[in-house]
Structures are given as C-alpha cells and as structure tokens.
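# Observations on chain architecture
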Amino acid sequence: MMRVWAFIDSEGKLCCALFPEAVPQGVEPTEFEVESPDDLILDNGEIRLKTPEEKLTEAKANLLAELKMLTASLLAPTDYVILKIAEATELGQDTTELKQYYTNTLAKREQIRRFNADMKQAIANAKTLEELKQLRETIFQAPNTLR
Amino acid sequence: MMRKFKRIDLTNATEDYFLKVGEEAYISFSNVTQVPLHIATQDGTYYELHLIPSVTGGTSGAYNGRFWLYPNNTTYSNAFYYAELFRVSTVFNSNYELRSAFRIGWGASSITAWITNRTQYKNIRGVSDVYATPNCWPDLGVFSCDWIDTTTPWTSLGTVVFQGPSSGEILVRRLK
C-alpha cells in the first residue's frame, strides 16, 4: 500500500503526488491509501477509490488486450501458410497437397486459436483479481506449450 | 575521449539537487518500493539514466509488473503513451499503452534510458533487459514513453516506483 495526495490539476486531470510537498501551491489535495494511483478515479469532479467491480472490469480489459497481442504474435510467423492456401484457392488450384504439406502448421494454428478462445472465456468468468493474475501467468507460459 | 563525470551521492538526500552538466547522481537503494531521485530539473535539460538492479539472475524470484518514474513525484492520469518492442524466450511482441506515469521497466530490469525535458516534449526512451521472471532471462526491450502534455513544467526528475521491494543502484548523468 502507498499513501498519495490526490488533486485535480489546472487542465482537469486527476493527479497523485507521492509527498504533500509535491502538490502544487494553492491546491487542496485529498489523502488516500492505495495499492497504486490507478486505484483512484475522477467521477463527476470527485476523486474516489474505484470499486472492486471497476478494478476487475479494468483488469479484464487489460488482460484481454494482452491476450490479443500474444495470440497475434503466435499466429504471425505462420500467416504465410494461410496466404499461400488462400492464393491457391483464388487461382482455382487444388489446395489438397498444400494443406497436407502444412498439416502440422495448421494444427498448431488451430491449437493457438483454441487456447485464445479458452482464455477469453476464463477471463470473462474470473471473479477476482487474484484469478486474473494466475490466468496471466498461464497465458504467458502458453508459448512454451504451443510450440 | 571518454568524459569523466563528477559523482554526487544522493543516496541520503532529503532535498532536490540541481544536477549540472557533467555531473552524475548516484543513488543506492535497498529493499524499497519507492526511490526518490531528489534531482531538480528544468526545461531544456537532457539526461542519461542507468538502473542497475541487484536481484539474482534466473527465471523466477522476482515479482512481475510494470514500474515507473513519477515525474514531479506525481502521477498524471492517462497522460503518458508507452510504446515497446520486446523479445522473450518464446515470443517477439509489442506494447502500446496509455498510462499515468513514465513506464520504464518490468519486474527486475537492467535499464539504460535517455531523458528529454523540454516542457513541450517530455520523453524517456531506452533499452532494458527484464530478467528473473518466467520467459525472461533475457528479455530485450526497446521502449519510448512520451508525456502527452506541452504545458506542465517538469521540475523534479521524480521518484522510481517499483511493484515490489527492490534493491540496486541508479546513476543519472546530465548531458545537457
């Protein structure tokens, strides 16, 4: 936990000082005990602590964004296979041989997509920040098992 | 020819010191989550920062999570854009985030960064090695963080804020 002195600056932004002397002169701060300044929110001109539900929703959105980026980075190296097959299809060629040649790659991509879908569902179902923290560990260990 | 910087030990400083061009601030810290740099700054200055952690190398043992430099010892809600490219043992990936302070690292990181303080353009960019977390031994990162604000003066370099208790040393050299 940390102590912060929260105030609204001249541009209407929420600011949190780590020491009272870091607060600009003439500004009346409000003191909070928080895990991080991100625990505070400016709500209709009032500074308040986020509710546990707001923190959970925010953490879910952050983790979903991280999952999306990770999934894209895992799929990207084999995107060329999909392009090759799509191109062959577009040219009216038989893609059976291509698909056979890339069987393992296509299976791996399917595994990545399944993992992505499972994790999305797990994030949606999570009820606590601790659950999300553990899910994050699982997600970032995934590349080890999805190789 | 290598320039020799005059070292100023700010480990136990209680007030901000105005670092001159050619001076190097040294700050040692042990088992703390906040490290006030106690360096006064102003428009038109430029610095090099080295963060040298003392966490033992490995793939476990350090906490996860972003860490920050709070300019003016303060966070400014959603006023910092952070862009990063990184390579860990398993993936090559990137991040682009909107934050409330300068993000300068993750977990236990060894960092070299450059700090531009012009009121109309305030930035920290650098290279980092995150280590001692899963998949990260090493994790090479290249990052840049802009304070999207052209009016607020940056008068105190600020405080480094870690996610968990940290130890190590910080060097800040004023180049301009």
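This brings us to the overall build of chain B. Scanning chain B for helices and strands turns up zero helices and 14 strands. Going residue by residue from the N terminus, the α and β elements of chain B occur as β-β-β-β-β-β-β-β-β-β-β-β-β-β. Since a compact globule built from 176 residues should have a radius of gyration of about 16 Å, the 16 Å found for chain B is in line with a globular shape. Seen along its three principal axes, the alpha-carbon backbone of chain B occupies a region of about 40 × 35 × 30 Å. By residue count, 41% of the 176 residues in chain B fall in the buried class. Restricting the contact set of chain B to residue pairs at least 6 apart, pairs at least 24 apart contribute 67%.

Annotation of chain A at the domain level lists domain 1 (2–50) and domain 2 (53–145). Centre-to-centre, using C-alpha coordinates, domain 1 of chain A lies 39 Å away from domain 2 of chain A.

Looking now at the interface of chain A and chain B. Tallying the contact residues gives 19 residues for chain A and 18 residues for chain B. Counting only elements with at least two residues in the side of chain A that touches chain B, the list comes to strand 2 (14–17), helix 1 (52–75) and helix 5 (129–145) of chain A. Partitioned by chemical class, the residues of the side of chain A that touches chain B number 14 nonpolar, three polar and two charged. Sheet topology places strand 2 of chain A next to strand 7 (residues 74–76) of chain B; three bridges connect them, and they run antiparallel. Of the residues in strand 7 of chain B, the one forming a bridge with A:C15 is B:Y76.

In this model helix 4 (residues 103–125) of chain A runs 33 Å from its N-terminal to its C-terminal C-alpha over 23 residues, within 8% of the 33 Å that 1.5 Å per residue would give. Buried within helix 4 of chain A we find A:F115, A:M119 and A:I123.

Relative to the 34 Å expected for 24 residues at 1.5 Å per residue, helix 1 of chain A spans 34 Å between its end C-alpha atoms, a close match to the ideal helical length. Those residues of helix 1 of chain A lying buried are A:A59, A:L63, A:L67, A:L70, A:T71 and A:L74.

Moving on, we get to the sheet that holds strand 2 of chain A. Read from one edge of the open sheet, four strands run 3(A)-1(A)-2(A)-7(B), paired in antiparallel fashion. The sheet is open, and its two edges are formed by strand 3 (30–34) of chain A together with strand 7 of chain B, each paired on a single side. Taken over all neighbouring pairs, the strand axes of this sheet differ in orientation by 30° on average, direction set aside.

Now for the packing of helix 1 of chain A against helix 4 of chain A. Residues and elements named next belong to chain A. The geometry of helix 1 relative to helix 4 is characterised by a closest axis approach of 10 Å and an angle of 180° between their N-to-C directions. Of the possible angle classes, the one that applies to helix 1 and helix 4 is roughly antiparallel. Facing K60, L63, L64, L67, T71, L74 and L75 of helix 1, the residues of helix 4 in contact are R109, I112, N116, M119, K120 and I123.

Before going further, it helps to examine the confidence of the model for chain B. Summarising the model, chain B shows a mean pLDDT of 92, and 97% of its residues fall at 70 or more. Of the two predicted TM-score estimates for the complex, the pTM is 0.87 and the ipTM is 0.89.

This brings us to the nonpolar core. With 51 residues, the main nonpolar core has B:L37, B:F102 and B:V172 as its most contacted residues. The element contributing the most residues to this core is strand 14 (residues 159–174) of chain B, with five residues. In contact with B:F102, other than residues within four places in its own chain, are B:W68, B:L69, B:P71, B:F80, B:I124, B:C145 and B:W147. With 10 residues, the next largest nonpolar core counts A:L63, A:L67, A:L70 and A:M119 among its residues.

Our next topic: the pairing of strand 5 (residues 46–49) of chain A. All names here are of chain A. Examined bridge by bridge, strand 4 (residues 40–43) and strand 5 share four bridges and lie antiparallel to one another. Paired with I41 across the bridge in strand 5 is R48. Following strand 4, the chain reverses through two residues before pairing antiparallel with strand 5; N44 in that reversal takes a positive phi of roughly 50°.

This paragraph deals with the confidence of the model for chain A. The share of residues in chain A with pLDDT of 70 or more is 97%, and the mean pLDDT across the chain is 93. Taking the mean pLDDT of every element in chain A, the minimum, 83, falls on helix 5 of chain A and the maximum, 97, on strand 2 of chain A.

Below, the discussion takes up unusual backbone geometry. One non-glycine residue, A:N44, lies in the positive phi region at around 50°. Relative to the assigned elements, A:N44 resides in the loop between strand 4 and strand 5. According to the C-beta neighbour criterion, A:N44 is exposed, with 5 such atoms within 10 Å. Positioned with a positive phi, B:N78 is a non-glycine residue whose angle comes to about 50°. Residue B:N78 is classed as partly exposed on the basis of its 13 C-beta neighbours within 10 Å.

What follows concerns the environment of A:T138. Note on placement: A:T138 falls in helix 5. In sequence terms A:T138 and A:K50 are 88 residues apart; their C-alpha atoms lie 27 Å from each other.

Turning our attention to the environment of A:Q141. Residue and element names in this part refer to chain A. Secondary-structure assignment places Q141 in helix 5. A count of 13 C-beta atoms within 10 Å places Q141 in the partly exposed class. With 105 residues separating them along the chain, Q141 and S36 place their C-alpha atoms 26 Å apart.

Conventions we followed
Residues numbered from 1 in each chain as written. Chains lettered and ligands numbered in written order. Predicted model: local features only at pLDDT ≥ 70, side-chain atom pairs only at ≥ 80, totals over all residues. Helix = DSSP H or I, 4+ residues; strand = E, 2+ residues; numbered from the N terminus. Rg over C-alpha atoms; globule rule 2.2 N^0.38 Å. Buried ≥ 20, exposed ≤ 12 C-beta atoms within 10 Å, placed from the backbone. Contact = placed C-beta atoms within 7 Å. Domains from an automatic or database assignment. Nonpolar A, V, L, I, M, F, W, Y, C, P; charged D, E, K, R; others polar. Pairing = 2+ DSSP bridges. Expected span 1.5 Å × (residues − 1). Axes fitted to C-alpha atoms, helices over the stretch in contact; angles between N-to-C directions. Parallel < 35°, antiparallel > 145°, perpendicular 65-115°, else oblique. pLDDT = per-residue confidence, 0-100. Core = buried A, V, L, I, M, F, W, Y, C linked by C-beta atoms within 7 Å.

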